[in-house]
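# What the coordinates show
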Amino acid sequence: MTSAILSVRDLKVHFAVHGPFNRRIGSIKAVDGVSFELMPGEVLGIVGESGCGKSTLGKTIMGIHQPDSGEIWFESQRIDQLASPARRAVRRSLQYAYQDPGASLDPRWKIGSSLHEPLVIHSALDRVAREARIGSILEAVGLPETHLDLYPHEISGGQQRRVGLARILTLHPQVVILDEPTSGLDVSVQATVLALFRDLRAKFHLTYVLISHDLAVIRTMCSRVAVMYLGRIVETGPTDTIFGRPRHPYTRSLLAAIPRIGGARVTKDFWLQGEPPDAANLPSGCRFRTRCPKATDLCAREEPVLSPLQHGSAACHFPD
Amino acid sequence: MTALLSVEELSLGFNTAAGFASVLDRVSLSLERGRVLGLVGESGCGKTTLARAILGVLPRETARITGGRVLFRGRDLLMADQAVVNQTVRGRAITFVPQDPFTSFNPVFTVGEQIMEILKWKSPRAATPPGRRWLPPLVAPYPAERRRADFGAVLELLDAVQLPRPRQLLAKYPHELSGGQRQRLMIAMALLPGPDLVIADEPTTALDVTIQAQILGLIRRLASERNVAVLLTTHDLGAAYEICDAINVMYAGQDVESAPVDRFFAHPAHPYTTKLLASLPREDGTASGIPGEVPVLLAPPGGCRFHPRCERADPACRQTRPPVEAIEPGHWVRCFHPHREPA
């Protein structure tokens, strides 16, 4: 058994809610006790609806948000409290691909300058060596060299995403966190981008954490899935188990909501009512109980913990 | 029975700094009462432009209609007197559900104020069409009796779109509501004037998958119950499969195929449609994209605009646009080399 390349232990990130006179009147528990381990070479999918804390989790691992408690370990080194010089070394091998590549490229820089920047910061290579490395990476992500002289607005969304990836890959990272890598892309482009992710993973021996709300993407890409609801992982397990035999009622409702072309119409008898509760004012006990058809008094009293089942684990008092 | 709405060979474009962009090229569709028609295509294919052309809200300075007709209840909306269209059709007989429920409300008024504002002008109970004798909005009369009747209709409709505690909800500001609640309100607002046709422009794109399933079910149910025609533009084939009776596919401003929903997914005929369906991620992890890029509409390819990306293309496809060919009743395709079922 190999050891985990990245592990997160009981991570909590709370954002303060301020009232009049800047008085603290509550907090939003964006990430509230999340633990997982990432093995080298695997693709872990983190799925959930908007506001469930999946992007906050990714950004906290990167050090963009400070955790309130909990530990983050990367290659047997604790990284959540590192000072910035040491942090910089970690960032080289742990990279984050932003959700909107168009907004994360500087609009006044040519693509070439954007690709040089990470190498200037993280390596001592001279200009010629940098250009050689950028050239090889551009070829790997399938972009012509002529694109180096273009500005971000001159290329399409799919190409911007490739540039975002190229920017990350020049540093030869080990773990890449992909935040909603296909949002805003049409299906025909999405398929080619997903194929690219698969190729690059094989070529550069990458480990992915793939954050998405799109279950179809998660299913085709990931080996293991964690389902989040309001800051907590409610179910985790191998992809086949999660999609084949979901145990948590929330996972079941998520799967039931995806339209299946050729199958029965899901909108005819979709059973999940209501919307997620306000994140600043969570219900007692289980967070899903306000929408759950199986909720009982026990669910209102006691918050279920993530407990192992036959395959994977689920946080529910009454798993299916 | 004649169609409620039929668009015939509509062509239009926009004057831009770089020249004339031909956004719609001889597009046709027809829609009857109580039916849901899906208008499917990738971003930039002209589906929103078509929806706005039907509604007549294209930017006046830049848009130029170069041909075709938009017949609504047998009358050409493009030729009709725009003042009459404004009073009887736009926002009354044809209403609109916008894509983004987050930016479509005015943030400084409560939702109740905004809904009653619409009904002051567009209530089906208004005896004479308002606006005939122009009065500033502040002094225009809103008789108490009609206001009460309208308010009753609002409460009834909020119940129909499954919004609990409607009175409290109407006193709230838009930022206090979730995306799903706002989209339900938008649907209610679109139905309040008693329309014959609702144009829903990507109504679930901004919503989560569980909320999307609820909203789609709601649109389908209301269309059947109230005998309202719905034109649903979407890029999501799954959403179209859920609630549409028929589907029209557009590519780069041209309509390429139209079929009843079950036939559409079982026997797609146009090469673009088959490739689009093959791009959907499947359970075994395979999905094939479409190589190449969507053409620039400033200088679109001649003939069938899909030919640069199509492996079935021949010189005829580059020269002329294929005519409409009916394969089955209700199923037509514009292609010289469609996929045919083995006989």
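In short, a report on the structure. A quick note: this is a predicted structure, and the numbers were derived from the prediction, not measured.

## Some details on the overall build of chain B
Counting secondary structure elements, chain B contains 11 helices and 12 strands. Relative to a compact globule of 343 residues, whose C-alpha radius of gyration would be 20 Å, chain B shows 21 Å and is just as compact. Each principal axis of the C-alpha atoms in chain B carries an extent, and together these give about 70 × 45 × 45 Å. Here chain B holds 343 residues, and 43% of them are scored as buried.

## Some words on the overall build of chain A
Check the secondary structure of chain A and you find 11 helices and 11 strands. Within chain A, buried positions represent 43% of all 320 residues. Long-range pairs, those at least 24 residues apart, make up 65% of the contacts in chain A between residues at least 6 apart in sequence.

## Here's the deal with the sheet that holds strand 1 (residues 6-18) of chain A
Residues and elements named next belong to chain A. Here we have three strands laid out as an open sheet, ordered 2-1-4, and antiparallel in their pairing. Edge positions in the sheet fall to strand 2 (24-38) and strand 4 (69-74), since each of these pairs with one other strand and no more. Sheet twist, expressed as the average angle between the axes of neighbouring strands with direction ignored, equals 25°. Its contacts with the sheet place helix 1 (residues 54-62) against strand 1, strand 2 and strand 4, and it is angled at close to 75° to strand 2.

## Notes on the sheet that holds strand 7 (residues 207-212) of chain A
Paired through backbone hydrogen bonds, the strands of a sheet run either parallel or antiparallel to each other. Residues and elements named next belong to chain A. Strand order in the open sheet formed by eight strands is 5-6-7-3-8-9-11-10, with mixed pairing between adjacent strands. Every other strand in the sheet has two partners, leaving strand 5 (94-97) and strand 10 (307-308) as the edge strands with one partner each. The strands touched by helix 10 (residues 249-257) within the sheet are strand 8 (224-229) and strand 9 (232-238), with strand 8 carrying the most contacts at an inclination of about 100°.

## Some points on the environment of Arg247 of chain A
Residue and element names in this part refer to chain A. Tracing the backbone through its elements, the reader meets Arg247 in the loop between helix 9 (239-244) and helix 10. Residue class for Arg247 comes out buried when judged on the 22 C-beta atoms lying within 10 Å of it. Spatially, the C-alpha atom of Arg247 lies 20 Å from that of Asp269, the residues being 22 residues apart in sequence. Those residues in contact with Arg247 that lie beyond four places of it in its chain are Glu235, Leu309, Ala314, Cys316, Pro319 and Asp320.

## Quick notes on the pairing of strand 1 of chain A
All names here are of chain A. In terms of strand pairing, strand 1 meets strand 4 through five bridges, oriented antiparallel. Paired with Val8 across the strands is Ile72, a residue of strand 4. Inspection of the sheet shows strand 1 paired to strand 2 by 11 bridges, in the antiparallel sense. Pairing of Val17 across the sheet is with Gly26, part of strand 2. Remark: five residues form the turn of the hairpin made by strand 1 and strand 2, two consecutive strands paired antiparallel; Phe21 in that turn has positive phi of roughly 55°.

## Brief notes about the interface of chain A and chain B
Contacts between chain A and chain B engage 30 residues on the former and 34 residues on the latter. Counting residues per element, the ones that place at least two in the side of chain A that touches chain B are helix 7 (187-204), helix 8 (215-221) and helix 10 of chain A. The element best represented in the side of chain A that touches chain B is helix 7 of chain A, accounting for eight residues.

## As for the packing of helix 6 (residues 179-191) of chain B against helix 7 (residues 209-226) of chain B
Residue and element names in this part refer to chain B. As a packed pair, helix 6 and helix 7 sit with axes 10 Å apart at the nearest point and diverge in direction by 15°. What the angle tells us is that helix 6 and helix 7 run roughly parallel. Helix-helix and strand crossings are classified by hand; for helix 6 and helix 7 the assignment is right-handed. Between helix 6 and helix 7, the contacting residues are Gly179, Gly180, Gln183, Ile187 and Leu191 on the first element and Ile211, Gln214, Ile215, Leu218, Ile219, Leu222 and Arg226 on the second. The class makeup of the residues in the contact of helix 6 with helix 7 is seven nonpolar, four polar and one charged.

## Here we look at the nonpolar core
Among the nonpolar cores identified, the biggest contains 169 residues, and Leu210 and Val227 of chain A together with Ile54, Ile199, Ile219 and Val230 of chain B are the most heavily contacted of them. A per-element tally of this core places helix 7 of chain B first, with nine residues. Sequence-distant contacts of Ile54 of chain B, defined by excluding residues within four places in its chain, comprise Leu5, Val7, Val70, Ile94 and Ile199 of chain B.

Calculation notes
- Residues numbered from 1 in each chain as written.
- Chains lettered and ligands numbered in written order.
- Predicted model: local features only at pLDDT ≥ 70, side-chain atom pairs only at ≥ 80, totals over all residues.
- Helix = DSSP H or I, 4+ residues; strand = E, 2+ residues; numbered from the N terminus.
- Rg over C-alpha atoms; globule rule 2.2 N^0.38 Å.
- Buried ≥ 20, exposed ≤ 12 C-beta atoms within 10 Å, placed from the backbone.
- Contact = placed C-beta atoms within 7 Å.
- Pairing = 2+ DSSP bridges.
- Axes fitted to C-alpha atoms, helices over the stretch in contact; angles between N-to-C directions.
- Parallel < 35°, antiparallel > 145°, perpendicular 65-115°, else oblique.
- Left-handed = near helix turned anticlockwise from the far one by under 90°.
- Nonpolar A, V, L, I, M, F, W, Y, C, P; charged D, E, K, R; others polar.
- Core = buried A, V, L, I, M, F, W, Y, C linked by C-beta atoms within 7 Å.

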